[in-house]
Amino acid sequence: EAGVAQSPRYKIIEKRQSVAFWCNPISGHATLYWYQQILGQGPKLLIQFQNNGVVDDSQLPKDRFSAERLKGVDSTLKIQPAKLEDSAVYLCASRSPGPTDTQYFGPGTRLTVL
Amino acid sequence: KQEVTQIPAALSVPEGENLVLNCSFTDSAIYNLQWFRQDPGKGLTSLLLIQSSQREQTSGRLNASLDKSSGRSTLYIAASQPGDSATYLCALGTGFQKLVFGTGTRLLVSP
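These numbers were taken from a predicted model, which means no experiment stands behind them.

Participant: I'd like a rundown of the interface of chain A and chain B, residues and numbers included.
Facilitator: Where interface size is quoted, it is often the accessible area lost as the parts come together. In this complex, chain A contributes 22 residues to the contact, which on the side of chain B involves 19 residues. In total, about 1500 Å² of surface goes out of reach between chain A and chain B, with carbon and sulfur atoms giving 47% of it. At the junction of chain A and chain B, the tally comes to 1 salt bridge. Between D56 of chain A and K98 of chain B there is a salt bridge, with its nearest N and O atoms 3.5 Å apart.

Participant: Break down the packing of aromatic side chains for me, with residues and values.
Facilitator: As enumerated under the stated definition, the model contains 8 aromatic pairs over all chains in all. Between Y35 of chain A and F101 of chain B, the ring centres sit 5.6 Å apart and the planes meet at 90°, which makes this aromatic pair edge-to-face. Of the two residues, Y35 of chain A sits in strand β4 (residues 31-37) while F101 of chain B sits in strand β10 (residues 99-101), which places them in two different chains. The exposure classification of Y35 of chain A matches that of F101 of chain B, with both residues buried. Note on F105 of chain A and F36 of chain B: the rings are 5.7 Å apart at their centroids and 85° apart in plane angle, and the pair reads as edge-to-face. With one member in each of two chains, F105 of chain A in strand β10 (residues 103-105) and F36 of chain B in strand β4 (residues 32-38) form a pair that bridges those chains. The same class applies to F105 of chain A and to F36 of chain B, which are both buried. Among the aromatic residues, ring-to-ring pairing joins Y33, Y35 and F105 of chain A together with F36 and F101 of chain B into one connected group.

Rules and cut-offs
- Residues numbered from 1 in each chain as written.
- Chains lettered and ligands numbered in written order.
- Predicted model: local features only at pLDDT ≥ 70, side-chain atom pairs only at ≥ 80, totals over all residues.
- Heavy atoms only, no water.
- Contact = heavy atoms within 4.5 Å.
- Buried area = accessible area lost by both parts, 1.4 Å probe.
- Salt bridge = Lys/Arg side-chain N within 4 Å of Asp/Glu carboxyl O.
- Phe/Tyr/Trp six-rings, centres within 6.5 Å; stacked < 30°, edge-to-face > 60°.
- Helix = DSSP H or I, 4+ residues; strand = E, 2+ residues; numbered from the N terminus.
- Buried < 20%, exposed > 50% of the residue type's maximum accessible area, 1.4 Å probe, protein only.

Below is the structure:
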């Protein structure tokens, strides 16, 4: 079974530029999550999708962050414009249907904003 | 708001030692608690999951306990090995399929 795929793995941009991250979850996983992990901290949930609908985006800075999950499979997370404090690892995770609480995480995208 | 704290933030031990990582949380209304391992440049891997009705779970050299009433969980690693070096994160399942993560403990096991 293939794992959660993310790209790019690393990205360096200057502040006020825009950037997009891509995630391909495990096949058949209806629930998809985007997390932000700042250095030295635990991951913080940004947005949760169930199929192609948003379940929770309460911690997503909507003035600059956006996310979509077209067709309920792949997802993209966009930041526009980026700020210095957006430097972090962005993790994508997916969860299989049924009574399980295990999330499967991708390798993450490390973003550096200069 | 649920707050999750892990102590210590970093730990360095010689190979072979038994060690305990701690996780404390403020709200005991949880569905479950998980321990994850995070290696540099890689995603998180779930190690153990304890349902709220359980007191502990074991997998190989790992044992995790949960005391909801005191808001604490511990991860016990027996006979540590250099391959155990990683960051360990506890995460609380708070319902609606969400996880709230702790701050992590960075473990280094020296040969």
